[in-house]
Amino acid sequence: MKEMLLYDTTLRDGSQGENISFTAEEKVRVAKKLDDFGIHYIEGGWPGSNPKDALFFELAKKTVFNNARITSFGSTRRQGIKPDNDQNLKALLDSETAAVTIVGKSWDLHVEQVMNNTLEENLAMIKDSIAYLKNNDREVIYDAEHFFDGYKENSDYALQTLVAAIEGGVDIIVLCDTNGGSLPFEIKSIINGVKNCLSKKYSPTKNSFPLRIGIHTHNDCGLAVANSIAAVGEGAVMVQGTINGYGERCGNADLTSIIPILCSKMNYPCVSEANLVKLSKLSRFVSEAANMTPLNSRPFVGKSAFAHKGGIHVSAIMKTSRAYEHMNPELVGNKRRVLVSDLSGKSNVEYKAKELGVELDPNGIDSVKIASEIKQLEQQGYQFDVADGSLKILMEKSTNQFEPLFGLESFLITMVKRKDNPCTAQATIKISVAGKEEITAAEGHGPVNALDNAIRKGLSNFYPDIASMRLVDFKVRVIEGREGTAARVRVSIESRDQDHVWSTIGVSEDIIEASWHALAESFQYKLSKKSS
Ligand SMILES: [Zn+2]
């Protein structure tokens, strides 16, 4: 099998993207998902640079990872000191990761003009730091920062930095297009230049390439994926990137494109087919964790990646999907969507109804009606593809199968703010179940939390099983209003019990109103699931 190592840096380079930040606990959750997916290396952060990353490595020590090597990241030692006096290298060892990645300078411009260093000392820093980590039994990955820019201006020196890394005992050298300005044909010819030079130096008789190289690219020219693939074509065995291409400026190479390209178009089975199917979910999970709106047009995993709009395209893919699809969307866990056409809306509805256990009229009247309701509600800001709980309720209501398991009579929320103390909230709610009314009150950290506690308390008198249900995520997004209309908010709630996770949604100009709808539907879904 052809070797190909996937190296994810979402938690380090990715978190340098604008508006992206993960708590240490979120980083662990993301790392677990990446591990389940089959990523080989997960770079958790820079333990020497901030307490949050140091905490991540503490948490990671207590977490079981089944596939991946958790990797800590740092730079070569500082100028003029010994490696064992360097705090940054010490922090890397303290993180206790089996693999360590260090970054060093390849471009003389950086060495002399940015670092005020000498070219010789920089070479020593690379060699010493790698040797020090190797002596401490770490697998060492060396990120040659600005390698392609450095090579273009002073190839001799750039190559000397790689020689220093080899002499330090490096395991894998990763060539970085840090500024993202290189083009695929340059990547190709520079890697060839590296291979020729190092082969001559280290095995002049066999002329074979003495080490494993990887690639790390940025997307400033929109070419990060293309450049990574070009490097693989020249023999790179490690690809570094981030999920959804998150990262500084225009982002890093997007692993959600690179992985399916490697697996399904280049015959590098770097993850199993069963895991490749989880790719779209992984992409959405990471966008949620980063609180970024998923990009619909993202290749392979975006909502629109296999969406077809009316006319000739739709009729063609109904005959053969290959007519307008470069691959089967199900391979990456995505799905074909047909937009606009009533017929296709209808078949989507029928598919989902079956999945959610809602019976529809076989002559298609129900599904046409539901499809048009969904279309109308999505115009107002609902998003049913991420809210199966609410979709099920909508389908039941539309087909007169809805059985309300409780009703709201009224609720009242009071918020109190005293001096500099945090706000406290109290909610009183009156609900009715089968003609019986119940009034309960509860406190919470905010209005929604108080409301959730109060309704939960009230319902548990009728449905003791409600105790197994927890609210696991609560997200609010402002939907831009059209001109002249007030902005609306969309509240999404994710809930779970011992067996299932489900999502519900509420949309309103008022955040409490939207939250109520999402909460009430979440409880309704849970109760109806039990009674069905
Ligand atoms: Zn980078």
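Quick note: structure is the one above.
Let me sum up the structure you'll find in this document. (Residues numbered from 1 in each chain as written. Predicted model: local features only at pLDDT ≥ 70, side-chain atom pairs only at ≥ 80, totals over all residues. Heavy atoms only, no water.)

Observations concerning the overall build of the chain
Argument step 1. A tally of helices and strands in the chain yields 18 helices and 16 strands.
Argument step 2. On the principal axes, the C-alpha backbone points of the chain span a range of 90 × 65 × 45 Å.
Argument step 3. Buried positions account for 51% of the 532 residues belonging to the chain.
Argument step 4. Contacts in the chain between residues far apart in sequence, at least 24 positions, make up 67% of those at least 6 positions apart.
Argument step 5. Accessible surface for the chain amounts to roughly 25,200 Å². Of this, 50% is attributable to carbon and sulfur atoms.
Argument step 6. Within the chain, the 68 negative side-chain charges are centred at a point lying 3 Å from the centre of the 62 positive side-chain charges. (Helix = DSSP H or I, 4+ residues; strand = E, 2+ residues; numbered from the N terminus. Buried < 20%, exposed > 50% of the residue type's maximum accessible area, 1.4 Å probe, protein only. Contact = heavy atoms within 4.5 Å. Areas by Shrake-Rupley, 256 points an atom, 1.4 Å probe, with all protein chains shown as cover. Lys, Arg positive; Asp, Glu negative; His and termini not counted. Charge placed at Lys NZ, Arg CZ, Asp CG, Glu CD.)

Things to note about the coordination of the zinc ion
Argument step 1. Coordination of the zinc ion by the protein involves D13 (OD), H216 (NE2) and H218 (NE2), with metal-donor separations of 2.0 to 2.2 Å.
Argument step 2. Here the donor residues of the zinc ion are spaced in sequence according to D-x202-H-x1-H. Here the residue D13 occupies a position in the loop between β1 (5-8) and α1 (24-37), and H216 occupies one in strand β7 (residues 212-217), the gap between them amounting to 203 residues.
Argument step 3. The buried category is assigned to D13, whose relative accessible area is 5%.
Argument step 4. The buried category is assigned to H216, whose relative accessible area is 5%. (Donors = N, O, S within 2.8 Å, 3.2 Å for Na, K, Ca; no water.)

Observations regarding the sheet that holds strand β16 (residues 501-508)
Argument step 1. A sheet is described by the order of its strands in space; here 3 strands give the open sequence β14-β15-β16, paired in antiparallel fashion. Sheet topology places β14 (470-479) and β16 at the edges, where each strand pairs with a single neighbour. When strand polarity is set aside, the average angle formed by the axes of neighbouring strands in this sheet is 15°. (Pairing = 2+ DSSP bridges. Axes fitted to C-alpha atoms, helices over the stretch in contact; angles between N-to-C directions.)

As for α1
Argument step 1. Look at α1: 20 Å from first C-alpha to last across 14 residues, which is about the 20 Å you get at 1.5 Å a residue.
Argument step 2. If you check which residues of α1 are buried, you get A24, E26, K27, V28, V30, A31, L34, D35 and F37.
Argument step 3. Buried residues along α1 sit in contact with β1, β2 (41-45), α2 (51-61), α10 (255-265), α11 (273-276) and α12 (279-289).
Argument step 4. Within two residues after α1, G38 carries a phi angle of roughly 105°, on the positive side. (Expected span 1.5 Å × (residues − 1).)

Description of the environment of N267
Argument step 1. Locating N267 in the fold gives a position in the loop between α10 and α11.
Argument step 2. Expressed as a C-alpha distance, the spacing of N267 and K2, which sit 265 residues apart in the sequence, is 8.2 Å.
Argument step 3. Contacts of N267, omitting those with residues within four sequence positions, involve K2 and L262.

Section: the pattern of salt bridges
Argument step 1. A complete count under the given rule lists 27 salt bridges for this structure.
Argument step 2. Taking the shortest distance from any N to any O, the salt bridge between E145 and K105 comes out at 2.7 Å. Taken together, the residues E145 in strand β5 (residues 139-145) and K105 in strand β4 (residues 99-105) connect sequence positions 40 residues apart. Judged on exposure class, the residue E145 and its partner K105 are both buried.
Argument step 3. A salt bridge links K526 to D465; the nearest nitrogen and oxygen atoms lie 3.3 Å apart. With K526 in helix α18 (residues 511-531) and D465 in the loop between α17 (447-460) and β14, this pair connects stretches of sequence that are 61 residues apart.
Argument step 4. The exposure class assigned to K526 is buried, which follows from its relative accessible area of 5%.
Argument step 5. Residue classification places D465 among the partly exposed positions, given a relative accessible area of 28%.
Argument step 6. Overlapping salt bridges, with partners in common, bring together D465, D497, K526 and K529 in one network. (Salt bridge = Lys/Arg side-chain N within 4 Å of Asp/Glu carboxyl O.)

Structural notes on the sheet that holds strand β12 (residues 424-433)
Think of a sheet as strands paired side by side through backbone hydrogen bonds, with each pair either parallel or antiparallel.
Argument step 1. The strand order across the open sheet formed by 3 strands is β11-β12-β13, and the pairing between neighbours is antiparallel. Only two strands of the sheet have a single partner each, and these edge strands are β11 (407-416) and β13 (436-444). Taken over all neighbouring pairs, the strand axes of this sheet differ in orientation by 10° on average, direction set aside.
Argument step 2. When β12 meets β13, the two strands line up antiparallel, connected through 9 bridges. From the neighbouring strand, S432 faces β13, where its bridge partner is E437.
Argument step 3. Each of β11, β12 and β13 touches α17; the most contacted strand, β13, lies at about 145° to it.

Overview of the pairing of strand β6 (residues 172-177)
Argument step 1. The buried count for β6 comes to 6 of 6 residues, which makes it a mostly enclosed element.
Argument step 2. Burial of β6 is two-sided: the residues I172, V174 and C176 facing one way and the residues I173, L175 and D177 facing the other way are all buried.
Argument step 3. Bridge analysis of β5 against β6 gives 4 bridges, and the strand direction is parallel. In the sheet register, D143 faces β6, and the bridge partner there is V174.
Argument step 4. One ladder, built from 6 bridges, connects β6 with β7; its direction is parallel. Pairing of V174 across the sheet is with G214, part of β7.

Considerations on a positive patch on the surface
Argument step 1. The grouping of R29, K33, K278, K281, R284, K335, R470 and R496 at the surface amounts to a positive patch.
Argument step 2. Secondary structure elements with two or more residues in the positive patch: α1 and α12.
Argument step 3. Mapped onto the fold, K33 is located in helix α1.
Argument step 4. Residue class for K33 comes out partly exposed when judged on its relative accessible area of 36%. (Patch = residues over 30% accessible without salt bridge, like charges linked within 9 Å, V, L, I, M, F, W, Y side chains within 5 Å.)

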